Amino acid sequence: MILHRYFARRFVMAFLGTLGVFFVMLGLIDFVEKARRYGDAAGLGELLTLSLLSVPAELYEILPLIVIISGIALFLGLARSSELVVTRAAGRSALSALLAPVVMTLLLGLAAVALINPLVAATSRAYEAHTDSLRGEERVVSLSEDGLWLRQGDGEAQTVIRARASNLDGTVLHDATFLSYDNGGLPRQRVEASLAELQDGHWLLRGVKRWPLSADNPETAAERMPQMTLASSLTANQIRDSFGDPATISVWKLPGFIERLKAAGFAARRHQVFLQTELAQPAFLTAMLLIGAGFTMRHQRGGRVGVMVLGAILLSFGVYFLRNFAQILGENGQIPPFMAAWAPPIAAILSSLGLLLHLEDG
């Protein structure tokens with residue numbers, strides 16, 4: 001246990017050091033980028049806030065890279081100091097020396113999914129809110145248990161829309177209610193339609209009942225029409241983009257959000273693939289560590305060190321690309337979400353273990 005604790009401590013120190021270096025680098029680069037993009041609209045404090053809000057998501061995105069660099073630093077240090085040679089001479093195999101770093105990586109992955117993911121989701125939402133306010137934009141769609149809610153408006157009026165369900169891109173609404181307000185915030189009219197279709201610059205409503213809310217008795221003044229049109233400032237792209245990146249939703253809330261998406265009639269495959277990818281994060285980080293171990297646990301001589309490190313980095317990027325490619329296939333419906341998320345890390349783990357067993361036992 002003493003040896004396992006020693007290896008675990010060495011790995012944690014290497015990970016924290018690598019994480020700190022990347023945090024400083026990304027923070028400086030991001031601050032310069034934010035100053036270039038929003039320097040005219042935001043002060044120094046606002047720019048610093050934007051950078052601090054965006055850096056956690058960037059660090060979370062490159063967490064596999066941080067893990068493999070930490071693993072390479074650990075095993076190179078152990079190999080150069082001949083500690084791995086001494087470990088083998090004491091009767092311990094290389095796989096037993098890997099036990100502590102693998103356990104720490106799994107714990108790190110679980111902490112990343114359970115604790116860091118909600119933090120990153122919160123900072124990402126705050127970052128989007130800040131940048132939307134700087135650009136003068138606002139989100140137009142939200143989901144609840146009651147259905148789909150939209151908001152549209154111009155300089156003269158605002159309209160709140162609620163629908164029981166919609167098609168995949170939110171351009172066709174079922175059982176929709178349109179409530180219009182004037183500039184003073186007073187309700188102007190209410191329109192209910194069995195079907196509402198978003199066309200170029202307007203909603204086409206069918207099966208309509210309209211209440212003029214400025215009348216003394218709106219129910220008496222109500223009228224029914226087979227169809228009518230309402231001006232709209234919304235577009236299909238605006239509606240789709242308003243759901244945002246799945247990364248802005250905590251992994252704990254994502255299953256409920258997926259159910260609400262399905263109930264509203266939207267396609268939830270992208271969010272399903274993202275959820276499975278997050279759940280597979282511990283396995284993927286373990287695969288990154290094993291790739292680094294497979295290339296750097298042997299005793300290093302001369303110029304082979306650079307070649308082996310380069311090989312580990314290139315292979316890890318290949319696995320990362322394979323995971324992203326499988327994720328795209330899953331989002332497009334070519335393969336099931338579970339396979340898209342879990343197949344690449346499992347294949348990488350098995351291949352790395354095969355390499356390690358080959359190097360140890362021939």
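Refer to the preceding data block for the structure.
A quick note: this is a predicted structure, and the numbers were derived from the prediction, not measured.

Trainee: Account for the pattern of salt bridges, naming residues and giving values.
Mentor: Under the defined criterion, the tally for this structure stands at eight salt bridges. E192 is paired through a salt bridge with R190; the nearest N and O atoms lie 2.4 Å apart. Given a relative accessible area of 34%, R190 falls into the partly exposed group.

Trainee: Outline unusual backbone geometry, listing residues and values.
Mentor: Most peptide bonds are trans, and most residues other than glycine sit at a negative phi. Backbone geometry at D175 places phi at a positive 50 degrees, although glycine is not the residue there. Mapped onto the elements of the fold, D175 is located in strand β4 (residues 172–182). For D175, a relative accessible area of 36% translates into the label partly exposed.

Trainee: Give me the lowdown on the side chain of T18, citing residues and values where you can.
Mentor: Following the sequence through the fold, T18 ends up in helix α1 (residues 2–38). Setting aside chain neighbours within four positions, we find T18 in contact with I66, I69 and S70.

Trainee: So what about the environment of R125? Which residues, and what values?
Mentor: As for its placement among the helices and strands, R125 is situated in helix α5 (residues 94–135). Excluding anything up to four places from it in sequence, R125 contacts T248, I249 and S250. In this structure the side chain of R125 is engaged in a polar contact, spanning 2.7 Å, whose partner is the backbone oxygen of T248.

Trainee: Outline the packing of α1 against helix α2 (residues 44–61), listing residues and values.
Mentor: Contact geometry of α1 with α2 gives a least axis separation of 8 Å together with a crossing angle of 135 degrees. When the axis of α1 is compared with that of α2, the two are oblique. As for how α1 packs across α2, the hand of that crossing is right-handed. Residues L19, F22, F23, L26, G27, D30, F31, K34, A35 and Y38 of α1 pack against L44, L47, L48, L50, S51, S54, V55, E58 and L59 of α2. Residues of the contact of α1 with α2, tallied by class, amount to 13 nonpolar, three polar and three charged.

Trainee: Could you give an account of the packing of aromatic side chains, naming the residues involved and the relevant values?
Mentor: Following the criterion strictly, the structure yields five aromatic pairs and no others. Centre to centre, the rings of Y6 and F7 are 5.9 Å apart; their planes meet at 45 degrees, and the pair counts as tilted. By relative accessible area, F7 is classed as buried at 2%. Pairing F178 with W203 gives two aromatic rings, centres 5.8 Å apart and planes at 70 degrees, and the pair type is edge-to-face. Residue F178 is located in strand β4, and its partner W203 is located in strand β6 (residues 202–212); the two are separated by 25 residues in the primary sequence.

Trainee: So, a nonpolar patch on the surface: which residues are in play, and what are the values?
Mentor: A surface patch of nonpolar side chains, amounting to about 490 Å² of accessible area, comprises F23, V24, L28, L48 and L52. Breaking the nonpolar patch down by element, the ones donating at least two residues are α1 and α2. With three residues, α1 is the single largest residue contributor to the nonpolar patch. Here L48 shows up in helix α2. Residue L48 is classed as partly exposed on the basis of its relative accessible area, which comes to 46%.

Trainee: Help me get a handle on the side chain of K209, residues and values and all.
Mentor: The residue K209 is located in strand β6 in this model. Residue K209 is classed as buried on the basis of its relative accessible area, which comes to 15%. At a separation of 3.1 Å, a polar atom in the side chain of K209 contacts the side chain of E219. Excluding residues within four positions of it along the chain, K209 makes contact with R190, V191, E192, E219, A222, E223 and R224.

Trainee: Any chance you could break down the environment of I72 for me, citing the residues and the numbers?
Mentor: Here I72 lies in helix α3 (residues 63–80). Overall, the relative accessible area of 6% leaves I72 in the buried class. Sequence separation between I72 and M297 is 225 residues, and the spatial gap between their C-alpha atoms is 8.6 Å. Setting aside anything within four residues of it in sequence, one finds I72 in contact with G292, T296, V309, A312 and I313.

Definitions and cut-offs
Residues numbered from 1 in each chain as written. Predicted model: local features only at pLDDT ≥ 70, side-chain atom pairs only at ≥ 80, totals over all residues. Heavy atoms only, no water. Salt bridge = Lys/Arg side-chain N within 4 Å of Asp/Glu carboxyl O. Buried < 20%, exposed > 50% of the residue type's maximum accessible area, 1.4 Å probe, protein only. Helix = DSSP H or I, 4+ residues; strand = E, 2+ residues; numbered from the N terminus. Contact = heavy atoms within 4.5 Å. Polar contact = N/O pair within 3.5 Å; in protein donor to acceptor, adjacent residues only side chain to side chain. Axes fitted to C-alpha atoms, helices over the stretch in contact; angles between N-to-C directions. Parallel < 35°, antiparallel > 145°, perpendicular 65-115°, else oblique. Left-handed = near helix turned anticlockwise from the far one by under 90°. Nonpolar A, V, L, I, M, F, W, Y, C, P; charged D, E, K, R; others polar. Phe/Tyr/Trp six-rings, centres within 6.5 Å; stacked < 30°, edge-to-face > 60°. Patch = residues over 30% accessible without salt bridge, like charges linked within 9 Å, V, L, I, M, F, W, Y side chains within 5 Å. Areas by Shrake-Rupley, 256 points an atom, 1.4 Å probe, with all protein chains shown as cover.

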